[in-house]
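# Summary of structural features
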Amino acid sequence: MSIDDALVMILAGGEGKRLYPLTKDRAKPAVPFGGRYRIIDFVLNNFINSGFYKIKVLTQYKSDSLNQHISRGYALSPFLDQYVDLVPAQMRTGSDWYRGTADAVFQNVLHIVDADPTYVCVFGGDHIYKMDVSQMLDFHKQRNAALTIAAIPIPIEEASEFGIMEVDDNWRLTNFVEKPKTKPKSIPGNPNMCLASMGNYIFGKDILLDALYRDNKIEDSSHDFGKNVIPMMLNEGQPVYVYNFKENTFPGMSDAERGYWKDVGNVDAYWQANMDLLDSCPELNLYAKEWPLRTFNYNYPPAKFIWQEGDRVGMATNSMVSEGCIISGGGLSRCVLAPKVRINSYSSVTESILMENVNIGRHCEIRRAIIDKNVQVPPYTKIGFDREIDEQKGFYVSPNGVTVVPKGAIL
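Overview of the structure. Here the structure is a predicted model, which means the values were calculated and not measured. (Residues numbered from 1 in each chain as written. Predicted model: local features only at pLDDT ≥ 70, side-chain atom pairs only at ≥ 80, totals over all residues. Heavy atoms only, no water.)

Looking now at the packing of aromatic side chains. What the rule picks out here adds up to 14 aromatic pairs. Their ring planes at 65 degrees and their centres at 5.5 Å tell us that Phe 139 and Tyr 243 sit as a pair that is edge-to-face. Placement of the pair is Phe 139 in helix α5 (residues 133–143) and Tyr 243 in strand β12 (residues 240–244), with a sequence separation of 104 residues. The buried category is assigned to Tyr 243, whose relative accessible area is 5%. Grouped by ring-pair contacts, the aromatic residues Phe 33, Tyr 37, Phe 42 and Tyr 270 constitute a single cluster. Above the plane of the ring of Phe 385 lies Lys 382, whose end atom (NZ or CZ) is 5.5 Å from the centre. (Phe/Tyr/Trp six-rings, centres within 6.5 Å; stacked < 30°, edge-to-face > 60°. Helix = DSSP H or I, 4+ residues; strand = E, 2+ residues; numbered from the N terminus. Buried < 20%, exposed > 50% of the residue type's maximum accessible area, 1.4 Å probe, protein only. Lys NZ or Arg CZ within 6 Å of the ring centre and 35° of its normal.)

The five strands are arranged β14-β19-β21-β23-β26 in an open sheet whose pairing can be described as parallel. A strand with exactly one partner marks an edge of an open sheet, and here the two such strands are β14 (304–306) and β26 (376–377). Bridging between strand β23 (residues 359–360) and β26 involves two bridges; their strand directions are parallel. Residue pairing in the sheet places Asn 359 in a bridge with Gln 376 of β26. (Pairing = 2+ DSSP bridges.)

Shape descriptors only; they carry no functional weight alone.
See below:
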């Protein structure tokens, strides 16, 4: 079913500083995930699978690889007025880059005016989850809401890490607190849980435009939806409602996937979310035909596993191996491999993420590592065994001991 009365605006201009050095040369939504995908693929597929075909992607920071990925992978039908358009920052309203999430949309209000939708969906482009957005839009329409915010229930003791929303029994927003220092109000009927904002919004078009124009005139505003626009609308008594993401369903959903949402905002969270894919029954199922995950398709040959001569065995266990990879006499365990990775003889790689065109030389030992694109690892190299040595080599080592070798590094 095509939803023709809504325009989608995906915010994909963030630097993702906490994910450095994976964001050294790319925007956070362009960071590879799960071997075959980019982070932004998840929100794009959520909308396309939900029937939303008018999508604008707002880019800014180091967006070249993101631009290439979307322009090559998401060719909808202009004949049917379907599009995924890239919208680079153009300084339409002055000399500033985007000053906040609300300002990013404000600087592109002409796109909203031109499309003239009834509803505008403003979603982030940097989270891992599946969602039938049409159910949130139905909720918005049923409540006759000015704004609907998607939220995920979290344990109340974790509230200090998130923007927390308090609601009445009808799920109308009563208070919004950014990273509260005291115990917030719990979810109706569940004293152990509270609601964390997902940063995903549905507005009525006219209401959104009015709020953006008024916020833009406030000199000391951060021009941010969470910090400024939502509190302004709440203080004015506008009908702002909260949609419980935990109640969202989609075709082919398993019980484990209900409410699955990951903010892969730092290296440890990113590494763990990739490792979670390797479980026999993962919380996030990439293989469900009913809710396909599309991405740009490479024309590479199938993965190949060669040699079985004594201890020279090309083998992978509990791993995801993309097309174009050659496992040539080396061993993998709990690894995620992007296309065109080569593992040479007698090497052992465990609990690691190898991105496109990585070559692991002979007799290497690598564990708990993320190796970015186009890295040639010389024979007999060890990575992930000694934090001090890895840091001396210029690698980033996360608080939980995950070593990141940056893109194109020379070892």
